[in-house]
Amino acid sequence: MTELIVVRHGETDWNRQHRFQGQIDVPLNAVGRSQAARLAQRLAEESFDAVVASDLQRARTTADLAAAGHAITSEPLWREQAFGVLEGLDAPTIIERHPQLWAHWLRHDADYALPGGGESVRAFHQRVLHAVRQLALQYRGARVVVFTHGGALDMLWRAARNAPLSGPRTCDIPNTGINRLRWRDDDTLEIVQWADAAHLEGLPEQPDTTPLGVR
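Described below are features of the structure shown in this document. (Residues numbered from 1 in each chain as written. Predicted model: local features only at pLDDT ≥ 70, side-chain atom pairs only at ≥ 80, totals over all residues. Heavy atoms only, no water.)

**Topic: the sheet that holds strand E3 (residues 72–74)**
Rules: Only strands joined by at least two bridges in the DSSP assignment are considered to pair. Helix numbers and strand numbers start at the N terminus; a helix is a DSSP run of H or I with at least 4 residues, a strand a run of E with at least 2. Axis lines are fitted through C-alpha atoms, for helices just across the contact stretch, and the angle between N-to-C directions can take any value from 0 to 180 degrees. Contacts are assigned to residue pairs that have any heavy atoms within 4.5 Å of one another.
Reading across the sheet, the 6 strands line up as E3-E2-E4-E1-E5-E6 and stay open at both edges, with mixed pairing between neighbours. Strands with a single pairing partner mark the edges of an open sheet, and in this sheet they are E3 and strand E6 (189–196). The sheet shows a mean angle of 20 degrees between the axes of neighbouring strands, direction not considered. Bridging between strand E5 (residues 178–183) and E6 involves 5 bridges; their strand directions are antiparallel. Across the sheet, the residue bridging to Trp183 is Leu189, located in E6. Against the sheet, helix H7 (residues 150–161) makes contact with strand E1 (2–8), strand E4 (143–148), E5 and E6, and its axis sits at roughly 135 degrees relative to E6, the strand it touches most.

In structure tokens:
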């Protein structure tokens, strides 16, 4: 069995603006850096054997701030889903420029990939499961902290709950929330604790992007 502490990156300005970030390399904002500093206090109470982060700077910077003093491995497999031509755009802009794409996006079809290099949910799910399986095999019997993105956490949630890939997100995924999972020896994923954000008390309320499906 491998224990996993999986964390979404800190807040960015694009989170606040409800823009599709995808694989554009957006930095943390001031709130995101404060969230990472608070998370560092929580992780200082933990023991773990390795730290892995998406190579996008919002995840890597969160790791650098929250797990300072630990060696951090960058891994592109833990990147956010690619959204093709919609990356960098907010919902009103997409509705104006790409109304048909927006309508298709809202169907939450697991096999639909947006034009311009987009990644279907099914392909994304396979990538994330490959990442977690690879990590579990490499660190069998250990505890690993992973810094990643909201979409990747949604894929882990669906895998652990055996939930369908089609349909909107149904779980809460706060920035720098702590999610504890186990990859068991029977090659299945188990959620131990989800969306623990007690360390963020007193910081600005997080933007709710769940209804729009923006990541």
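**Observations regarding unusual backbone geometry**
Residues other than glycine seldom take positive phi values, yet His18 does so here, at roughly 60 degrees. Positionally, His18 belongs in the loop between helix H1 (13–16) and helix H2 (30–43).

**Quick look at H7**
In an α-helix, one full turn covers 3.6 residues, which means residues spaced three or four apart are oriented alike. How we decide: A helix is expected to reach a length of 1.5 Å times the quantity of its residues less one.
Under the 1.5 Å per step criterion, the end-to-end length of H7 is 16 Å for 12 residues, consistent within 8% with the ideal 16 Å. Looking at the buried positions of H7, the neighbouring elements they touch are E1, helix H6 (121–138), E4, E5 and E6. In the segment just after H7, Asn162 is the residue with positive phi, at about 55 degrees.

**Here's the deal with the pairing of E4**
Definition in use: For every residue, the accessible area obtained with a 1.4 Å probe (protein chains only) is divided by the maximum for its type, and the residue is called buried under 20%, exposed over 50%, and partly exposed between those limits.
Taken across its 6 residues, E4 has 5 buried, putting it largely inside the fold. For E1 and E4, the ladder comprises 6 bridges, and the chain directions are parallel. Across the sheet, Val7 pairs through a bridge with Phe147, a residue of E4. Both strand E2 (residues 50–53) and E4 contribute to a ladder of 4 bridges, which runs parallel. Within the sheet, the bridge partner assigned to Val51 lies in E4 and is Val145.

**So, the pattern of salt bridges**
Under the convention used in this document: Salt bridge, as used here: a side-chain nitrogen of Lys or Arg that lies within 4 Å of a carboxyl oxygen of Asp or Glu.
Per the stated rule, a full pass over the model turns up 15 salt bridges. Between Glu3 and Arg143 there is a salt bridge, and its shortest N-O distance comes to 3.1 Å. Separated by 140 residues along the polypeptide, Glu3 in strand E1 and Arg143 in strand E4 bring together distant segments of the chain. For Glu3, a relative accessible area of 30% translates into the label partly exposed. A salt bridge links Arg42 to Asp196, with the nearest nitrogen and oxygen atoms 2.6 Å apart. On the criterion of sequence distance, the pair formed by Arg42 in helix H2 and Asp196 in strand E6 is long-range, its members being 154 residues apart. As far as the burial class goes, Arg42 and Asp196 line up, both buried.

So yeah, pure geometry; function would need other evidence.
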